[in-house]
Amino acid sequence: MGVAEATAAVLEFLRKSNLKWLYISPAAVFYEGEAQNYELIGEEFKINAKGESKVSYATYAAALVKLLVNKDSKIKQCISLIEL
């Protein structure tokens, strides 16, 4: 089973479960760098105004912490984020 099929299977399992979950799909490119402004998006692939789908590890981590602290946000959803 490839990565895409495995991801689809996990999401199907989560969606059918009674668990509280949040799946953050990464941007196309991860890189080392400082945290930047970002946009939360749904499951669709999106690019920023520069034509990029990228996110730094620091931006990803900052967004994850913010989402976890905000207990009302994005439960039982698959989302993504990109830097602006």
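Notes on the structure in this doc start here. (Residues numbered from 1 in each chain as written. Predicted model: local features only at pLDDT ≥ 70, side-chain atom pairs only at ≥ 80, totals over all residues. Heavy atoms only, no water.)

**Brief notes about the overall build of the protein**
Inference 1: Looking only at helices and strands, the protein has two helices and five strands in total.
Inference 2: Listed by position from the N terminus, the elements making up the protein come as α-β-β-β-β-α-β.
Inference 3: Put simply, the protein has 84 residues, and 25% of those count as buried.
Inference 4: Expressed as a percentage of contacts within the protein between residues at least 6 apart in sequence, the contacts between residues at least 24 apart total 79%.
Inference 5: In the protein, 10 positive and 10 negative side-chain charges are present, and the distance between their average locations comes to 8 Å. (Helix = DSSP H or I, 4+ residues; strand = E, 2+ residues; numbered from the N terminus. Buried < 20%, exposed > 50% of the residue type's maximum accessible area, 1.4 Å probe, protein only. Contact = heavy atoms within 4.5 Å. Lys, Arg positive; Asp, Glu negative; His and termini not counted. Charge placed at Lys NZ, Arg CZ, Asp CG, Glu CD.)

**Structural notes on the pattern of salt bridges**
Inference 1: A complete count under the given rule lists three salt bridges for this structure.
Inference 2: As a salt-bridge pair, Glu12 and Lys16 come within 2.9 Å of each other at their nearest N and O atoms. Of this pair, Glu12 and Lys16 both sit in helix 1 (residues 3-16), four residues apart, which is roughly one turn of the helix. (Salt bridge = Lys/Arg side-chain N within 4 Å of Asp/Glu carboxyl O.)

**What to know about the environment of Gly51**
Inference 1: Within the element layout of this structure, Gly51 appears in the loop between strand 3 (38-41) and strand 4 (54-56).
Inference 2: Note: C-alpha distance between Gly51 and Leu84 (33 residues apart in sequence) is 9.9 Å.

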